[in-house]
Amino acid sequence: MKVIKNAQEIQRFVLEQKAKGHKIGFVPTMGFLHEGHLSLMREAKRTTDINVVSVFVNPAQFGPNEDFETYPRDFEHDKQLVEAAGMDVLFYPSVEEIYSDQDLIQMTVTKRTNVLCGTSRPGHFDGVVTVLTKLFHLVQPSVAYFGMKDAQQVAVVQGLIDTLKFPIRIQRVQTVRESDGLAKSSRNVRLSTDERQEAPVIYQTLQWGRDLMKQEGLSMSEAEKRVREKLEASLKLGKVDYLTILSYPELEPKETSGEKILATAVFYKNVRLIDNIIISHQED
Ligand code: PAF
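I will try to describe carefully the structure that is included in this document. (Residues numbered from 1 in each chain as written. Predicted model: local features only at pLDDT ≥ 70, side-chain atom pairs only at ≥ 80, totals over all residues. Heavy atoms only, no water.)

Looking at the pattern of salt bridges
Scanning all chains against the criterion turns up twelve salt bridges. With its nearest N and O atoms 2.8 Å apart, the salt bridge here joins Asp-103 to Lys-134. With a gap of 31 residues between them, Asp-103 in the loop between α4 (95-98) and α5 (124-139) and Lys-134 in helix α5 connect regions that are remote in the sequence. Given the relative accessible area of 21%, Lys-134 is considered partly exposed. (Salt bridge = Lys/Arg side-chain N within 4 Å of Asp/Glu carboxyl O. Helix = DSSP H or I, 4+ residues; strand = E, 2+ residues; numbered from the N terminus. Buried < 20%, exposed > 50% of the residue type's maximum accessible area, 1.4 Å probe, protein only.)

Have a look at this one:
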């Protein structure tokens, strides 16, 4: 596996590969890799010829009171995991390689951000689309892989691709779950024993909500109310931050015959957990 730190070098590498007819797969990450990232890499390995993983902690997507400086980093461990996953290139640029004080374009996301977790992270998605625009130009993938745990990010990135006409397909990868259904997250260790026992009810309630919406012709707002009540009644230790049903990927509270997202965030004492389910009337 090659480790590339330089912008021109990664561009040169992908151009050579494309000239040979290879399809490039791209897994963008901020490092400190876990099972969720490994599932993206497995999917990339299965579906594209040459796979690039980037590890870049993007300062532009952290707010002034967020943890950019202390965000966990472990490059050597990440490198071992990326190599073991059979990836071809690990792109590991410095902040100076990606951002320059000569940059003169600022990107602002105008839709899909003032809902769900976006409301508590102003400017976050502006930073995400800025870095991804740069990374997409450098890596020039045919397919980019994103986890559905952060379904709002997937919706925003789809909007970026559609707006700027990148010739890239997003492959959504399903959330990796514990055997009891709790979405895997490095933050789950912050749950107390009792909270950990309760937390699977979050996904169970989302599944209940999905079945409810499929069986009964409820409006989105009626369904949302019933699922929220059910979750609130099931939680003794957690507190619902939000529970919302929106069209997907538009993230609007309008009735649609297309896909919808049922998404929630739940506060526990030391951690806030998020989870979601995509409801498509085509699936069984
Ligand atoms: O999901 C992440 O880790 C980041 O938001 C991403 C997509 C790598 C952009 O910095």
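Notes on the site of the ligand
Lining the immediate surroundings of the ligand are Pro-28, Thr-29, Met-30, Asn-58, Gln-61, Val-131, Phe-146 and Gln-153. Residue Gln-61 places a side-chain N or O atom 2.6 Å away from an oxygen atom belonging to the ligand. Contacts to the ligand include Gln-153, whose side-chain N or O atom sits 2.7 Å from an oxygen atom. In isolation the ligand has 290 Å² of accessible area, and contact with the protein removes 84% of it. Looking at side-chain class alone, the shell around the ligand contains four nonpolar, four polar and no charged residues. (Near = heavy atom within 4 Å. Polar contact = N/O pair within 3.5 Å; in protein donor to acceptor, adjacent residues only side chain to side chain. Areas by Shrake-Rupley, 256 points an atom, 1.4 Å probe, with all protein chains shown as cover. Nonpolar A, V, L, I, M, F, W, Y, C, P; charged D, E, K, R; others polar.)

Focus on the pairing of strand β7 (residues 239-247)
With seven of nine residues buried, β7 is to be regarded as a mostly interior element. Where β7 meets strand β8 (residues 260-267), eight bridges bridge the pair, whose relative direction is antiparallel. Within β8, the position partnered with Thr-244 by the bridge is Ala-263. (Pairing = 2+ DSSP bridges.)

Points about the packing of helix α8 (residues 200-215) against helix α9 (residues 220-234)
Remark: α8 packs on α9, axes separated minimally by 10 Å, with the N-to-C direction vectors making an angle of 155°. Classified by the angle their axes make, α8 and α9 are roughly antiparallel. In this structure, the crossing between α8 and α9 has a hand that is right-handed. Note on element contacts: α9 touches α8 through Ala-223, Arg-226, Val-227, Lys-230, Leu-231 and Ser-234, opposite Val-201, Ile-202, Thr-205, Trp-208, Gly-209, Leu-212 and Met-213. In the contact of α8 with α9, the residues fall into eight nonpolar, three polar and two charged. (Axes fitted to C-alpha atoms, helices over the stretch in contact; angles between N-to-C directions. Parallel < 35°, antiparallel > 145°, perpendicular 65-115°, else oblique. Left-handed = near helix turned anticlockwise from the far one by under 90°. Contact = heavy atoms within 4.5 Å.)

Notes on the sheet that holds strand β2 (residues 24-29)
Strand order in the open sheet formed by six strands is β1-β4-β3-β2-β5-β6, with parallel pairing between adjacent strands. Two strands lie at the open edges of the sheet, namely β1 (2-4) and β6 (169-173), each paired on one side alone. Direction aside, the axes of adjacent strands within the sheet are offset by 25° on average. In terms of strand pairing, β2 meets strand β5 (residues 143-147) through two bridges, oriented parallel. By the bridge assignment, Gly-25 is partnered in β5 with Val-143. Contacting β5 and β6, helix α6 (residues 151-164) crosses the sheet at an angle of about 170° to β6.

Some points on unusual backbone geometry
Residue Tyr-248 is joined to Pro-249 through a cis peptide bond whose omega torsion reads 10°. Here Pro-249 is to be found in the loop between β7 and β8. If you check the backbone angles, Phe-32 has positive phi at about 50° while not being a glycine. For Phe-32, the location among the structural elements is in the loop between β2 and α2 (35-47).

Focus on the sheet that holds β7
Taken in spatial order, the three strands make up an open sheet running β7-β8-β9, and their pairing is antiparallel. Here the strands that pair on one side only, and so sit at the sheet edges, are β7 and β9 (272-279). Averaged over neighbouring strand pairs, the angle between their axes works out to 10° when direction is ignored. Here β8 runs beside β9; their pairing, made up of eight bridges, is antiparallel.

Here's the deal with α9
For α9, built from 15 residues, the straight-helix expectation of 21 Å at 1.5 Å per residue is met to within 8% by its first-to-last C-alpha distance of 21 Å. Turning to α9, its buried residues number three or more, namely Met-220, Ala-223, Glu-224, Val-227 and Leu-231. Projected onto a plane normal to the axis of α9, the buried residues spread over an arc of 100° and lie on a single side. Within α9, the exposed residues directed more than 90 degrees away from the buried face are Ser-221 and Ala-233. Tucked inside the fold, the buried residues of α9 contact α8, β7 and β8. (Expected span 1.5 Å × (residues − 1). Arc of directions from axis to C-beta.)

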